[in-house]
Every structure is written in C-alpha cells, then in structure tokens.
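Below, each chain spelled out in residue letters.
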Amino acid sequence: MDLRFVSRLPLGLACLLGVSATGPQQSMVQVFDQRGLPVEGAVIEVPPPSGSTRAVAFPWRYAMAQRNQTFVPGTLIVPQGASVAFPNLDIVRHSIYSFSKPARFQIDLYGRDQTRSQRFPITGTVALGCNIHDKMRGYIRVVATPYAAATDLNGRGQIDGLAPGTYRITVWHPRLRSSANEAVQTLTIAPGTPARVTIELR
Ligand SMILES: [Cu+2]
C-alpha cells in the first residue's frame, strides 16, 4: 500500500486497515534474573494471535555447530518440524545425543567439516550433549510460533512483527526455577520501550 495515501486517511480508518506508520514492528525484550543481572540464553515465546496466518519461520540458520568443543549457538530456536544441521567445525570428532522427551536421538561419531542433521517434529526443549565431551551443553527450543527470540549477553532479544499490546508469554531458561524450566508471564509491548522480564534462576 502507498504510504502517502495512508497518511491522508483519517487516523481511525488507518487503524482499521491495520497500517502502521513505523513499518514492521520490532519489539525489544530484556530478561533479568532475581538479582537484576541480564540473562543470556533465555527464550521468549509469544503465542500467535488467533487467526494469524504468519508462517513459523526465522531469519537465522537452523544449525547447531560444534566449534572449540562448544555448541554454537548455545541456544537455538527452530520451528516445529525443522531439520537442524550439526556441522562439526572442530578437528576432533563429536557424537551428539539428547535424552529429552521431544527428541531422543544419537548421532554416531563424525569428524571435521562433516555435518549431520536431525528433524524435530515435537515442540519443547531439546538438551544436547556429546558422548565424547561431557562438558558440551546445547539447547534447541522447538516452537510453534513465529514470535520468539533468544536473549544475548545483555539479556536482550528482539521479536519481529508483534503489535503493541499485552501478551501471555512463555519464558524458558535451563536454570529457571520452575517445572520444565518454563514460566508464563504477562508482557506489555509498547513502542520504543524494551519490555522487561524478570525470572528466578537456580
Ligand atoms: Cu564432542
């Protein structure tokens, strides 16, 4: 739609058409723990509004690499049903597994510059380990909503396409003190202000 045309519409009508003068909404969320410190690797999920037809897809690669005997990224969000690649960027071999309910699997040892893939048809949290390197930990959060974000070092995550309003959200973090490490909270998205979420960590 031509924005010049929209700007000449009465405000009420522009709202009815669902047109925003600021373009696609990008909502910033920031997660803190009970001591007020930013939380990295938390996942925020907002259920799609009823009637939403937006596809569940994300702009990042559905891949969990191994580099320096670390899963990269440590926390990955993928749509339900996605196939996730596990490229090995190390010299050493890895054997990835999960005992998590949504996806119990094991990938046999594979070496440098090789990759394997695994499909995730069930929503929830998939905790990853390596049979060779005990300290390796990674998490895949399989979701059924396009409105999801993982937080960075500063506890910040960005959710695209969410209109201002109040939502019931799910927050997940591997150390969140709650059953399944999840908490349901109310989140208010307002333009220009990061929405603050506080969770209790173990
Ligand atoms: Cu390994």
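Above: the structure in question.
The numbering scheme is per chain: residues are counted from 1 as the chain's sequence reads. Confidence filtering applies because this is a predicted model: local features only for residues at pLDDT of at least 70, side-chain atom pairs given and counted only at 80 or more, and all residues used for totals across whole chains, interfaces and linings.

Comments concerning the overall build of the chain
Runs of H or I in DSSP of at least four residues are treated as helices and runs of E of at least two as strands, each being numbered from the N terminus. The helix and strand tally for the chain stands at two helices and 16 strands. Whether a residue is buried, exposed or partly exposed is read from the other C-beta atoms within 10 Å of its own C-beta, which are placed from the backbone; 20 or more gives buried, 12 or fewer gives exposed, and intermediate counts give partly exposed. Looking at the chain as a whole, 28% of its 202 residues qualify as buried. The contact criterion used is a C-beta to C-beta distance within 7 Å, with each C-beta placed from the backbone. Intrachain contacts of the chain at a sequence separation of at least 6 include 60% that bridge at least 24 residues.

What to know about the sheet that holds strand S10 (residues 124-130)
Pairing in this open sheet of five strands is mixed, and the strands run S5-S11-S10-S7-S8 from one edge to the other. Of all strands in the sheet, those bounded by a partner on one side alone are strand S5 (75-79) and strand S8 (105-106). Two strands pair when backbone bridges link them, and strand S7 (residues 96-98) and S10 are joined in this way by two bridges, in the antiparallel orientation. Its bridge partner lying in S10, Ile-96 is registered against Cys-130. A pair of strands counts as paired when DSSP detects no fewer than two bridges linking them.

Focus: the pairing of S10
Note: S10 against strand S11 (residues 138-143), five bridges, orientation antiparallel. Following the sheet pairing, Ala-127 is matched in S11 by Tyr-139.

Looking at the sheet that holds strand S12 (residues 147-150)
Taken in spatial order, the four strands make up an open sheet running S12-S2-S14-S15, and their pairing is antiparallel. Each of the sheet's edge strands pairs with one partner strand only, and the pair in question is S12 and strand S15 (182-189). Taken over all neighbouring pairs, the strand axes of this sheet differ in orientation by 25 degrees on average, direction set aside. Under this scheme, a helix contributes an axis fitted over its contacting stretch, all axes are lines through C-alpha atoms, and angles between N-to-C directions fall in the 0 to 180 degree range.

Side note on unusual backbone geometry
Put simply, Val-72 and Pro-73 share a cis peptide bond, and its omega is -5 degrees. With respect to the helices and strands, Pro-73 occurs in the loop between strand S4 (70-72) and S5. At Asn-181, a position not held by glycine, the phi torsion is positive, near 55 degrees. If you trace the backbone, Asn-181 turns up in the loop between strand S14 (165-172) and S15.

As for the nonpolar core
Grouped burial of nonpolar side chains is what soluble globular proteins tend to show. Among buried residues, those of type Ala, Val, Leu, Ile, Met, Phe, Trp, Tyr and Cys that are joined through C-beta atoms within 7 Å form a set called a nonpolar core. Counting residues in hydrophobic clusters, the biggest one holds 40 residues, and the most contacted among them are Ile-44, Ile-140 and Val-171. Counting only domains with at least three residues in this core, you end up with domain 1 (23-54 + 146-198) and domain 2 (65-143). Here Ile-140 is in contact with Met-64, Leu-76, Val-78, Val-84, Phe-120, Val-126 and Leu-128, once residues within four sequence places are set aside. The split of the chain into domains comes from an automatic or database domain assignment.

Focus: the environment of Val-126
Structurally, Val-126 can be placed in strand S10. Owing to 24 C-beta atoms within 10 Å, Val-126 belongs among the buried residues under this scheme.

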